[in-house]
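Residue-level structural notes
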Amino acid sequence: MHLFSDESADHLMYSSATLSTMRALGFADVRSNYRESVDMLVTATKPSSAARDID
């Protein structure tokens, strides 16, 4: 079921800004593998040394 609230400005994610943010957070190999209409699948890896910094 599609919720119209998903289309509000509070729920929008802009792909280029989101991918840049993920890279800035330390994710590597950030990719948009699939996109159809407003749906997008993103994959990335988090290097183990960067993951320890979060703890």
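Everything here concerns the structure above.
Residues numbered from 1 in each chain as written. Predicted model: local features only at pLDDT ≥ 70, side-chain atom pairs only at ≥ 80, totals over all residues. Heavy atoms only, no water.

What about the pattern of salt bridges?
Note the following rule: By convention in these notes, a salt bridge is any Lys or Arg side-chain nitrogen within 4 Å of a carboxyl oxygen on Asp or Glu. Using a 1.4 Å probe on the protein chains alone, a residue whose accessible area is under 20% of its type maximum counts as buried, one over 50% counts as exposed, and one in between counts as partly exposed.
Scanning all chains against the criterion turns up one salt bridge. Close ionic contact of D29 with R31 constitutes a salt bridge, the shortest N to O distance being 2.8 Å. Using a relative accessible area of 44% as the deciding quantity, one classes D29 as partly exposed.

Thoughts on helix 1 (residues 15-24)
Note that an α-helix has 3.6 residues per turn; residues three or four places apart therefore point the same way. For clarity, the cut-off: Under the DSSP-based scheme used, a helix requires at least four consecutive residues in state H or I and a strand at least two consecutive residues in state E, with every element numbered from the N terminus. In this description, the arc belongs to the directions extending from the helix axis to the C-beta atoms. Residues are treated as being in contact if the distance between any of their heavy atoms lies within 4.5 Å.
Among the residues of helix 1, those classed as buried are T18, L19 and M22. Angularly, the buried residues of helix 1 cover 95 degrees about the axis, an arc narrow enough to put them on a single face. Residues of helix 1 that are exposed and point more than 90 degrees away from the buried face comprise S16 and A24. Packed against the buried residues of helix 1 are strand 1 (28-36) and strand 2 (39-45).

With respect to the pairing of strand 1
Test applied: Any two strands between which DSSP finds at least two bridges are classified as paired.
For strand 1 and strand 2, the ladder comprises six bridges, and the chain directions are antiparallel. Bridge assignment links R31 to a residue of strand 2, and that residue is T43. The antiparallel hairpin formed by strand 1 and strand 2 contains two residues in its connecting segment, where S37 sits at a positive phi of about 55 degrees.

Some remarks on the environment of K46
Under the convention used in this document: As used in this structure description, the phrase polar contact means that two N or O atoms lie within 3.5 Å; if the pair is within protein, one of them must be able to donate a hydrogen and the other to accept it, and residues adjacent in sequence are counted only when both atoms belong to side chains.
Positionally, K46 belongs in the loop between strand 2 and helix 2 (48-54). Residues K46 and R23, spaced 23 residues apart in sequence, show a C-alpha to C-alpha distance of 9.5 Å. A distance of 2.6 Å separates the side chain of K46 from the backbone oxygen of L25, its partner in a polar contact.

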